[in-house]
Amino acid sequence: MILAKKDVSDLKMDVDEDSDGGATPEDSKSGKEDEIYGGVTEEELIERIEILQADNIRLLEEKRRLENEKHFIETDNLRLQREVQRLRGELARLKRPPLIIGIVKDILSNDRVVVKSTTGPDFVVSVADHIDVDKLMMGSRVSLNKQSLTIMDVLPPAVDPIVSGAEVIERPTVSYDDIGGLKEQIREVRESVELPLVRPDLYEGVGIDPPKGVLMVGPPGTGKTLLAKAVAHETHATFIRLVGSELVQKYIGEGARLVRELFEMAREKAPAVVFIDEIDAIGAKRLDVATSGDREVQRTLMQLLAEMDGFEPLSGVRLIAATNRPDILDDALLRPGRFDRIIEIPLPDLAARKEIFKIHTRNMNMVKSLKFDELAAKTEGATGADIKSICTEAGMFAIRDNRRRVMKKDFMAAIKKVLEEKEEGESEPGVMFA
Ligand SMILES: Nc1ncnc2c1ncn2[C@@H]1O[C@H](COP(=O)(O)OP(=O)(O)OP(=O)(O)O)[C@@H](O)[C@H]1O
Ligand SMILES: [Mg+2]
């Protein structure tokens, strides 16, 4: 009891030395009835209990606070340990020597393998324990230890970034509703591209091979690329898009390799639609007189033809190509079995022009009295791109006049401007802008 009281008086800083004199001689003499409590009065006891209780509460709070702190430090410790681990891993990675890339040429008995390293000569090397030799195939791409050239890992086949980047991941927002006219052409593209991918059984039932490729031809600005975008938006297949000129490369054989990799990727990701825009860049007629550059382009074309004929069937892969120069395309591209479905995208007729006007003025603030029939009638010979440009110009005229609403006269001025500019451009073929 006395010990406990001493402890408490130690903790409690403001307790007076004299006041805790429960055991002091003066106290024991005073108040005889209080001696029942061992020389301590009841009041003093109550007071001490109160002090002890207050201390208890304070200590409990202190305990809670320290526990919190401990918890916090422990989590921090864990975080730091993880950081140390990560940095150790990073350090180990930095210290690790680079690996050489090689191609497996032959697999010998006794787990020995012949590889061609990218540094030049061929080597007979062994295989690291953790690699299953049965998984190695001739032509596999592997990484080799720098000193012993032991096979350390089997790598995935190389795909050129141009090819892997050609896959359309974010689909364009254009849908079939955004195309004015061209109903027949949309139907044809869907029939020959989408249907064989979605319902191959229909073709199998009849016993025919679906057409492999669809070629869209038509004057510039009539909506060929737009239609392909809509297919990419609406199809559930992988959509791979490439522009012909991307296949024209600096070094010999590079273009052909790209075409090969493109088809390899398409086959891997089947069902897939491959769209080659501006195919005239590689599909021009092959001539006898050709520079070395032309010959390289021709080799690329030949690879494309070979891929389309393919030893490996192209099931699950459909091709769409577009050009505005069908006249310069090589005949071999157009023969049956290759791009055998040619879809002509014509200049829009009256009804189509009206629809295109409607599409491009959807978000425009116009006077109600405007008649699309009238606009369509006044734009004979205009392409979809011209009409889009007319709508933009009309809006510009309204802005110039400080108006928020586009009026008929703006459209008339725009039609005049756009179509006259076009005619001028056509009548001066010698003019070049550099
Ligand atoms: N039928 C159409 N309906 C709606 N908009 C159209 C139509 N045709 C063309 N356009 C408009 O014109 C623009 C250009 O069309 P697009 O890029 O499809 O032309 P293209 O036929 O591919 O031309 P090029 O042969 O020069 O590549 C489109 O972005 C679209 O806004
Ligand atoms: Mg185009």
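Shown above is the structure to which this text applies.
Everything numeric in this text was worked out from a predicted model, so none of it was measured.

Caption draft 1: Fine view of the nonpolar core. Residues I240, L262, V273, V274 and I320 are the most contacted members of the largest nonpolar core, which totals 64 residues. Ranked by residue count, the leading element in this core is helix α8 (residues 254–268), at 7 residues. The residue makeup of this core includes at least three contributed by each of domain 3 (163–344) and domain 4 (350–426). Residue contacts for I240: discarding those within four places in its chain leaves A166, E167, V168, L262, M265, A266, A272, V273, V274 and F275.

Caption draft 2: View of the site of ligand 1. Ligand 1 sits among 18 residues. The nearest are P220, G223, K224, T225 and G384. If you list the elements that add at least two residues to the shell around ligand 1, you get α7 (224–234), α12 (350–360) and α14 (384–400). Of the residues contributing to the shell around ligand 1, the split by class is 8 nonpolar, 8 polar and 2 charged. Inspection of the shell around ligand 1 shows a minimum of three residues originating in each of domain 3 (163–344) and domain 4 (350–426).

Caption draft 3: Expanded view of the pairing of strand β8 (residues 238–243). Across the 6 residues that make up β8, a large majority, 5, are buried. When β8 meets strand β9 (residues 272–277), the two strands line up parallel, connected through 6 bridges. Across the sheet, the residue bridging to T238 is A272, located in β9. Taken together, β8, α8 and β9 form a β-α-β motif whose crossover is right-handed.

Caption draft 4: Representation of α7. Summarising burial for α7: 8 of the 11 residues are buried, a large majority. Taken residue by residue, α7 has K224, L226, L227, A228, K229, A230, V231 and A232 as its buried positions. In this structure, the buried residues of α7 make contact with β6 (167–168), α5 (183–198), β7 (213–217), β8, β9 and β10 (317–323).

Caption draft 5: Layout of the sheet that holds β6. Pairing is mixed across the open sheet formed by 6 strands, whose spatial order is β6-β8-β9-β10-β7-β11. Here the strands that pair on one side only, and so sit at the sheet edges, are β6 and β11 (341–344). Here β6 runs beside β8; their pairing, made up of 2 bridges, is antiparallel. From the neighbouring strand, E167 faces β8, where its bridge partner is I240. Lying over the sheet, α8 contacts β8, β9 and β10, oriented at roughly 165° with respect to β8.

Caption draft 6: Structural context of the sheet that holds strand β5 (residues 151–155). As summarised here, the arrangement of the 5 strands in space is β3-β2-β1-β4-β5, forming an open sheet in which the pairing is antiparallel. Both outer strands of the open sheet, β3 (122–126) and β5, are each paired with one neighbouring strand and no more. Across this sheet, the average inter-strand angle for adjacent strands is 45°, counted without regard to direction. Relative to β5, strand β4 (residues 141–144) is paired through 4 bridges, and the arrangement is antiparallel. Paired with L144 across the bridge in β5 is I151.

Caption draft 7: Representation of unusual backbone geometry. One non-glycine residue, E278, lies in positive phi territory at about 45°. Among the secondary structure elements, E278 is positioned in the loop between β9 and α9 (280–283). According to the C-beta neighbour criterion, E278 is partly exposed, with 19 such atoms within 10 Å. Positive phi is not limited to glycine here, since N402 has a value of about 65°. Structurally, the position occupied by N402 is in the loop between α14 and α15 (408–427).

Rules and cut-offs
Residues numbered from 1 in each chain as written. Chains lettered and ligands numbered in written order. Predicted model: local features only at pLDDT ≥ 70, side-chain atom pairs only at ≥ 80, totals over all residues. Core = buried A, V, L, I, M, F, W, Y, C linked by C-beta atoms within 7 Å. Buried ≥ 20, exposed ≤ 12 C-beta atoms within 10 Å, placed from the backbone. Helix = DSSP H or I, 4+ residues; strand = E, 2+ residues; numbered from the N terminus. Domains from an automatic or database assignment. Contact = placed C-beta atoms within 7 Å. Near = placed C-beta within 6 Å. Nonpolar A, V, L, I, M, F, W, Y, C, P; charged D, E, K, R; others polar. Pairing = 2+ DSSP bridges. Right-handed = clockwise from strand over helix to strand, strands pointing away. Axes fitted to C-alpha atoms, helices over the stretch in contact; angles between N-to-C directions.

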